[in-house]
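Observations on chain architecture
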Amino acid sequence: MELLLEGSFIQQIKLRFFDLEANIKSDSCDFITLFTKMYRRFLVDKSSSLSGQTSAEFILLTKPDNQWGKPVIILDGEVLPLADQRLQEGYAYESILSAIVTRVRSHLLIHAGVVSRDGQGVILVADARHGKTTLVLELIRRGFQFLSDEMAALGRVDRLVHPFPRSLRIRTGTLQLAGFPDMTEGAQKWLGKLILDIGEIKPGCLGKAVPISHIIILQDQTDNNGNIPAHR
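Analysis parameters
- Residues numbered from 1 in each chain as written.
- Predicted model: local features only at pLDDT ≥ 70, side-chain atom pairs only at ≥ 80, totals over all residues.
- Heavy atoms only, no water.
- Pairing = 2+ DSSP bridges.
- Helix = DSSP H or I, 4+ residues; strand = E, 2+ residues; numbered from the N terminus.
- Axes fitted to C-alpha atoms, helices over the stretch in contact; angles between N-to-C directions.
- Contact = heavy atoms within 4.5 Å.
- Polar contact = N/O pair within 3.5 Å; in protein donor to acceptor, adjacent residues only side chain to side chain.

1. Side note on the sheet that holds strand β15 (residues 188-190)
- Pairing is antiparallel in the open sheet, where three strands are placed in the order β14-β16-β15. The outermost strands of the open sheet, each flanked by one partner alone, are β14 (168-170) and β15. For this sheet, the mean angle separating the axes of adjacent strands, direction not counted, is 40°.
- As paired strands, β14 and strand β16 (residues 193-196) are joined by three bridges and run antiparallel to one another. Counterpart to Ile170 in the pairing with β16 is Leu194.
- Lying on the sheet, helix α1 (residues 29-38) is in contact with β14, β15 and β16; it crosses β16 at an angle near 60°.

Written out as structure tokens, the structure is:
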């Protein structure tokens, strides 16, 4: 769990995203704890390795006591300075996730929620704050299986949609709207949202890879002035 890198005290975890092994390292214990919480179902033993897999290394150095003299994020060798410490963790988290998405080759990863019912997958596509997670949770409450609230993983060979069971980052109000108000107590909060594994919200609802039967696009029905346009 610990090693030295360029004189900095480093912690690390290894995650497996289909054909990609991602090594996440940081001098921030809080950041590693966050990634562990968000991707607990992707964790693998650091000594394990599968033949044919690609590996990538992502490093967050939050302190300036390194060879660059400033906080940096290193994305598989590419060094990016972090000027605003207030945005450090959020920017690093999103940068690493984006880098992982582009490096997975076995699956096409797109921003969408996914549920299944009777062996058929339903992909829910929407921009942020358009109710995607709320709808996913409502469908789960009604008996659907959960595959993801954020990332649809489409197999390039088998053409199935696969689970991407990252923990949910969810607002308190969303849990209440979806009928899970009791889950807010004791949940970890990060950047204004709660972090919860789907097994904590509804045990046993994680689904398996399935063929796609529907793709639903959620849209805002108002125009730029906040008016509901007439149906054509």
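Now that the structure has been shown, we can carry on.
2. What about the side chain of Ser148?
- Note that Ser148 resides in strand β11 (residues 145-148).
- For Ser148, the side chain forms a polar contact with the main-chain nitrogen of Glu150, separated by 3.0 Å.
- Within polar-contact distance, the side chain of Ser148 engages the backbone nitrogen of Met151 at 2.8 Å.
- Apart from the residues within four sequence positions on either side, Ser148 is in contact with Ala112, Gly113, Val114, Val136 and Phe164.

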